[in-house]
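# Descriptive structure summary
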Amino acid sequence: MESDAAEGDADAGSEADADSAAGSGAEDDSEDGPAEEPVRDEHTAVLRVSTLTGAAASDAAGSGAGGDGGEAEDARPEPADEAEDGSDAADGAEPDDARPDAADDADESDVADDVPATDAAEDAPEDTPKDAAEEADAAADGDGTPPEDAAPVPEAPAAPGDRNTSVLRPLVSDLPAERTADPARKGPSGAQKAPTRASAPYEAPQASPTAPKPRTGPVAPPAGPDAGPTGQPSAPAKPAAGVPLPPYAGTPTAVGTPTAASPEGAVTGPDGTRSMPVPPEPGAPLKLLAELTNTPPPRQTLLRSILRRFKIWTPLVVLLAIVFVVVQALRPLPSPSMALTAAPSYTFDGTPLPQSMPWPAEGQSVAEVEGLGSLGVHGAQTPVPIASVTKVMTAYLILRDHPLTGSQNGPTIPVDAQAASEASSSDESTAQVKEGQQFTERQMLQLLLIPSGNNIARLLARWDSGTQEVFVTKMQKAARDLGMTNTTYTGASGFESSTKSTAVDQLKLAREVMKNDVFRSVVAQPNIKIPGVGTIYNNNNDLVHVGVIGIKTGSSTPAGGALMWAATKKIDGKEQLILGVVLQQHGGTTVYDSLQAALVNSQKLIESVQGGLTSSTIVKKGEVVGRIDDGLGGHTPVVAAEDLKAVGWAGMRTTLTMTPGKDGLPHSAKAGTQVGTLGFGSGSARTTVPVVLRSDLSEPSFGKKLTRLG
């Protein structure tokens, strides 16, 4: 902004000098008559502006008016600034009697403005005497008013090297309003002369019909307000030769002294003018910065590359290592596990017992030692009538849905009329009961299983489910739950020949029902006395033999003789349960004969199994049978705390299993601590011995925790 103001003042001063130079002749013409209308065209405006700036004239002489038209037009000052400066000067303080002369002077200045600046320059003598210039300087040093007859002294053209020199130029905007009353601005009559540029409005030159050709060379940087033809800041134009600058009306200010109105840091020149220092070359700081920062790196070597990578990666590797160590140390320990290292199975010596057993020649038969395994199955397992063996399922459901424990007798059940009337039937086995009698649940089970009363079976079905049909549905569902896939129940007593099953299916039911202590106690009784009925006898004559404990007989013409039986044998102080079923046994000519055949054949099987059961020591005390794995590669051996004896028969192959304690395996423990059991068999036949630690069990070391991967 300061440079723009300085340039505006310089232009104003140059225009005033040019008007003074051309105004002497124009005043006489304006007094005699109206002046001719000057010709206004593009060339005239360009030459006029070039003369005012002081630099375009020499450029026009060198390159021609057509090529410099655009540059001169860029250097032209703003019309609004000139009009404003002129109006400020015209509105300054003046005597009232000087205003008519000022109007005349304004007319004269209008004529002078219209005269091309080139004419004024051409009319000026080339060689001006030295004394004329000295007189003009003396007049300027005095009161500031040049003599009327003093001729303007033109300056010598500026040397080419002086174009970039900084010249202090007065700014019109910096001159106070009182300067318009300066005597140097008055004419001969004493009236103040108004600025010539404010008397006539500025008219922009018309565009030339022939536009200059576009430049094809390198694009110059954007020109600033003070930019010259080459885009660099140009020196301000000097005032016209021979025209002295009007004196400053205010208080003189020493050169280089900042004024109150000046911006901070600005230097005030003569007559209140200001100038700004020429900025340094734009590229110099960048070059200095590049020299300071663009230091070439040292020569790359293998050792330097390794060191640089080591510095970069070492902190990261150390951090990851610390995180890894903390995580590994705080991770929960894996659960220890126990593994069997002894022989997993044992086979008894001798001829296999199932091959030597007296299996019946007809029908179906099956036997097993509960918890140890099956002794074998004989006969085709096709569904056949099972007669009163059906009552085992009836008793199983009554005890399941109305359980009894220990010596409990259960609820009281009354005898209805249907059960009392069926008691006198001669076509089936019944219990002699009367209507209105009441018996406990335990007594009803005794009447059902010992004398095999069909009327009691149907009575219990009605008491449990309301009708026998609903109870039969429950029987069928229970059979499916036990896996008896080849069994069909159509009644609660088995009197119906449509109730069919297989020996294998009935063995599944025997295995389940014999788990009930109340049922086992009832079927093991050969006879019993019940109040209101008398003594009743079990038709299972095998019960008279040692070790036979049931279970239920069945006989009918379609079924022949059938028996679900149970026996026991004590081996090494432990009782073993033997279960079996025989179906479709026939003998003689009557149903009774067929039942006796079933009893005889079953007894043979019972005695064979009882005689074939034996025991053998398969693991000795202190023998290493397994180990505990801590999950991180550590192992601690375990040993049997007692001798393990297996019960079986010749040819039987038993499997050993080792089971952890119910509280699980510890991470650390002392030697001799029990950590589990070693055994064989299942159910009630399972035999076990404790296993203990042979040495101390310790937690995994820190090194093992650190190196664990899983």
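Here, the structure is the one placed above.
Anyway, here's the lowdown on the structure attached to this text. The model shown is predicted, which means the values in this text are computed figures rather than measured ones. (Residues numbered from 1 in each chain as written. Predicted model: local features only at pLDDT ≥ 70, side-chain atom pairs only at ≥ 80, totals over all residues. Heavy atoms only, no water.)

### A look at the overall build of the protein
A count of helical and extended segments in the protein gives 21 helices and 23 strands. Classification of the 710 residues of the protein by burial places 40% in the buried group. Accessible surface, the protein: about 37,400 Å² in total, of which carbon and sulfur atoms supply 56%. (Helix = DSSP H or I, 4+ residues; strand = E, 2+ residues; numbered from the N terminus. Buried < 20%, exposed > 50% of the residue type's maximum accessible area, 1.4 Å probe, protein only. Areas by Shrake-Rupley, 256 points an atom, 1.4 Å probe, with all protein chains shown as cover.)

### Some details on the environment of D517
As for its position among the elements, D517 is in helix α19 (residues 517-523). A residue is classified by how much of its surface remains accessible, and D517, at 58% relative accessible area, is exposed. Sequence separation of D517 and L404 is 113 residues, and the distance between their C-alpha atoms is 8.9 Å.

### What about the side chain of R458?
Relative to the elements of secondary structure, R458 occurs in helix α16 (residues 454-465). Separated by 2.9 Å, the side chains of R458 and E428 make a polar contact. (Polar contact = N/O pair within 3.5 Å; in protein donor to acceptor, adjacent residues only side chain to side chain.)

### Some points on helix α13 (residues 391-401)
Judged by how many residues are buried, α13 sits mostly within the fold: nine of eleven residues are covered. K391, V392, M393, T394, A395, Y396, L397, I398 and L399 are the residues of α13 that are buried.

### Quick notes on a nonpolar patch on the surface
On the surface, a cluster of nonpolar side chains totalling about 520 Å² of accessible area is made up of I312, W313, L316, V317 and L320. Along the chain, the position of I312 falls in helix α11 (residues 302-330). (Patch = residues over 30% accessible without salt bridge, like charges linked within 9 Å, V, L, I, M, F, W, Y side chains within 5 Å. Salt bridge = Lys/Arg side-chain N within 4 Å of Asp/Glu carboxyl O.)

### Side note on the pattern of salt bridges
Here the structure, examined in full by the defined rule, presents nine salt bridges. As a salt-bridge pair, R511 and E368 come within 2.9 Å of each other at their nearest N and O atoms. Of this pair, R511 sits in helix α18 (residues 503-513) while E368 sits in strand β5 (residues 364-369), placing them 143 residues apart in sequence. Since its relative accessible area comes to 8%, E368 is described here as buried. Across the salt bridge formed by K474 and D401, the nearest N and O atoms sit 2.6 Å from each other. Residue K474 is found in helix α17 (residues 468-481), and its partner D401 is found in helix α13; the two are separated by 73 residues along the sequence. Several salt bridges share partner residues, and in doing so they unite R400, D401, D464 and K474 into one network.

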